[in-house]
Amino acid sequence: MTLRPNAAKPGTPVILGIPFDANSSWLRGAAGAPPIIRVSLHSIASNSWTETGVDLGAEGMYSDAGDLKFTFQEPFPAIETKIGELLDHGLRPVSLGGDHSITLPIVRAFGAHIPGLTILHFDAHPDLYDELEGNRLSHACPFARIMEEGAAQRLIQIGIRAMTGHQREQAKKFGVEVIEMRHLPALDRMKIDGPIYISFDMDALDPAFAPGISHREPGGMSVREAIAHLHAITGKIAGADIVEFNPAQDNTQITATVAAKLLKEIMGKMILN
Ligand code: MN
Ligand code: MN
């Protein structure tokens, strides 16, 4: 059973769908992801237990705040306000994107509530561009803005395999700890003191495992490698997002199943750690 957020105990993971993909530089479609991930999460094709022994189907284990509706407010302030409300209730937001630009307003809210945040960022791409095609809020830029604003103390990136010269300079400038895909496994590097925020771009995975994304970059993680690194995290996890799943590119629906599996394992680790 999932509780409504206002009934959930402090510390409970709470799912929030953020159907926004207007900052995607190439293909749209990620805005359609949250309800499709939920269908897979609740599918009776699988059960509610995580590999680490947490029964997410037990009463009060997690909550679901539904999908954010963009009405009168600009999208980024709306996202920041909503995440801030969930954090005010002592909950641990797990956002379902949406393109990766949404991580900027999410982490702004986290930064205002939780000092000393370490971001663990799974991605093929560093997303550190100063701007892309004139858009400083592009899904290729969120971690440049986050580090400029000091919204997080530390940024660890893992799975990177599309680094450019400019972004290598940006990583150096911001002191980003980059674990490139070619250097995996890096399980020891997952020993991190909390609080940790996990930002999981689905294109960290090899497109053979997760083709339903907008930017397919071969040579990525297997689902097993991703889960192994998630399971190796030691510190307290304050929140997470799963972004860039693009249902319009997911002909076999396998990426939806993978996203739901990662969602389960991330929430399980949040409850355990
Ligand atoms: Mn990416
Ligand atoms: Mn990304």
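Our structure's up above, just so we're on the same page.
Everything numeric in this text was worked out from a predicted model, so none of it was measured.

**Q** Help me understand the packing of helix 1 (residues 33–41) against helix 7 (residues 254–272), please; the structure alone is not making it clear to me.
**A** A pair of packed helices can be characterised by two numbers: the angle between their axes and the separation between those axes. Look at helix 1 against helix 7: their axes get within 8 Å of each other, and the N-to-C directions meet at 75 degrees. Considering their axes alone, helix 1 and helix 7 lie roughly perpendicular with respect to each other. Contact residues: Ile36, Ile37, Ser40 and Leu41 in helix 1; Ala256, Thr257, Ala259, Ala260, Leu263 and Lys264 in helix 7. Among the residues making up the contact of helix 1 with helix 7, the classes are represented as seven nonpolar, two polar and one charged.

**Q** How should the coordination of the manganese ion (ligand 1) be read in this particular structure?
**A** Each pair of donors in an ideal octahedron of six around a metal sits at 90 or 180 degrees, and each pair in an ideal tetrahedron of four sits at 109.5 degrees. Protein coordination at the manganese ion (ligand 1): the donors are Asp123 (OD), His125 (ND1), Asp201 (OD), Asp203 (OD) and Asp203 (OD), at 2.1 to 2.5 Å from the metal. Coordination of the manganese ion (ligand 1) draws on donor residues from a single chain, spaced D-x1-H-x75-D-x1-D in sequence. Taken as a pair, the manganese ion (ligand 1) and the manganese ion (ligand 2) lie 3.3 Å from each other and share Asp123 as a ligand. Considered together, Asp201 and Asp203 belong to a single accessibility category, that of buried residues.

**Q** Explanation requested: the layout of surface pockets in the structure shown.
**A** Leftover empty space is mapped by rolling, across the atoms, a probe with the size of a water molecule. A volume near 250 Å³ is recorded for the largest pocket. As for the largest pocket, its lining consists of 17 residues, of which Ser40, Ser46, Thr257, Ala260 and Lys261 are closest to the centre. Taken together, the elements giving at least two residues each to the lining of the largest pocket come down to helix 1 and helix 7. No other element matches the seven residues that helix 7 contributes to the lining of the largest pocket. In terms of residue class, the lining of the largest pocket is made up of seven nonpolar, six polar and four charged.

**Q** Looking at this structure, how should I read the pairing of strand 5 (residues 154–160)?
**A** Regular strands place their side chains on alternate faces of the sheet. Most of strand 5 sits inside the fold, with six of its seven residues counted as buried. With five bridges joining them, strand 4 (residues 118–122) and strand 5 adopt parallel strand pairing. From the neighbouring strand, Leu120 faces strand 5, where its bridge partner is Ile156. The β-α-β motif built from strand 4, the intervening helix 4 (residues 142–149) and the parallel element strand 5 has right-handed crossover chirality. Here strand 5 pairs with strand 6 (residues 177–180) via four bridges, running parallel.

**Q** I would appreciate a short explanation of the nonpolar core in the present structure.
**A** The tendency in soluble globular proteins is for nonpolar side chains to be buried side by side. If you look at the biggest cluster of nonpolar residues, it comprises 46 residues, and the most contacted ones within it are Met202 and Leu262. Contributing elements (two or more residues each) for this core: helix 1, strand 3 (92–96), strand 4, strand 5, strand 7 (196–201), helix 6 (223–231), strand 8 (237–243) and helix 7. For this core, the element with the highest residue contribution is helix 7, accounting for nine residues. Of all hydrophobic cores here, the second largest spans 36 residues; its members include Ala65, Leu68, Leu91 and Met147.

**Q** What am I meant to see in unusual backbone geometry here?
**A** At the junction of Gly97 and Gly98, the peptide bond is cis and its omega measures out at 5 degrees in the coordinates. With omega at 5 degrees, the peptide bond leading from Leu184 into Pro185 counts as cis. If you trace the backbone, Pro185 turns up in the loop between strand 6 and strand 7. Phi is positive for Asp127, which is not a glycine, with a value near 55 degrees. Position of Asp127 among the secondary structure elements: in the loop between strand 4 and helix 4. With phi around 50 degrees, Glu133 is a residue other than glycine that occupies positive phi space. Mapped onto the elements of the fold, Glu133 is located in the loop between strand 4 and helix 4.

**Q** Just checking my understanding: could you explain the packing of aromatic side chains for this structure?
**A** Where two aromatic rings form a pair, the distance of their centres and the angle of their planes describe that pair. Counting across every chain of the model gives four aromatic pairs. Ring-pair connections join several aromatic residues into one group, and the members of that group are Phe20, Phe70 and Phe76.

Basis of the calculations
- For every chain, the first residue of the written sequence is number 1, and numbering continues from 1 onward in sequence order.
- Both sets of labels track the order of writing: A upward for chains, 1 upward for ligands.
- Per-residue local features of the predicted model are confined to residues with pLDDT of at least 70, and side-chain atom pairs are confined, for both listing and counting, to 80 or more; whole-chain, interface and lining totals are unaffected and use all residues.
- Excluding hydrogens and water, the side-chain values take into account all heavy atoms of the structure.
- Note on method: axes are straight lines fitted to C-alpha atoms, helices fitted across the in-contact stretch only, with angles between N-to-C directions ranging 0 to 180 degrees.
- Each helix corresponds to a stretch of at least 4 residues labelled H or I by DSSP, and each strand to a stretch of at least 2 residues labelled E; elements are numbered beginning at the N terminus.
- Any angle that falls under 35 degrees is termed roughly parallel, while one over 145 is termed roughly antiparallel, one within 65 to 115 roughly perpendicular, and all others oblique.
- Contacts are assigned to residue pairs that have any heavy atoms within 4.5 Å of one another.
- We call Asp, Glu, Lys and Arg charged. Ala, Val, Leu, Ile, Met, Phe, Trp, Tyr, Cys and Pro are nonpolar, and the rest, Gly among them, are polar.
- Donor atoms: N, O and S within 2.8 Å of the metal, or within 3.2 Å for Na, K and Ca. Because water is excluded, sites can look incomplete.
- In this scheme, a residue with accessible area under 20% of its type's maximum is buried, one over 50% is exposed, and one in between is partly exposed, where area comes from a 1.4 Å probe on protein chains only.
- Put plainly, a pocket is an open set of points on a 1 Å grid over the protein atoms alone with protein on both sides within 12 Å along at least five of seven lines, a cavity is a set where a 1.4 Å probe fits but cannot get out, and a lining residue has an atom within 4 Å of a point.
- Grid points are joined across faces, edges and corners, and a volume is the space filled by probe spheres set on the points.
- For two strands to count as paired, DSSP must find a minimum of two bridges between them.
- A clockwise course of the path from the first strand over the helix to the second, judged with the strands pointing away from the viewer, identifies a crossover as right-handed.
- For our purposes a nonpolar core is just a set of buried Ala, Val, Leu, Ile, Met, Phe, Trp, Tyr and Cys residues, chained together by side-chain atoms within 4.5 Å.
- Put simply, two rings from Phe, Tyr or Trp (the six-membered ring, in Trp's case) pair if the centres are within 6.5 Å, and we call them stacked under 30 degrees between planes, edge-to-face over 60, tilted for the rest.

Just distances and angles here, no functional claims.
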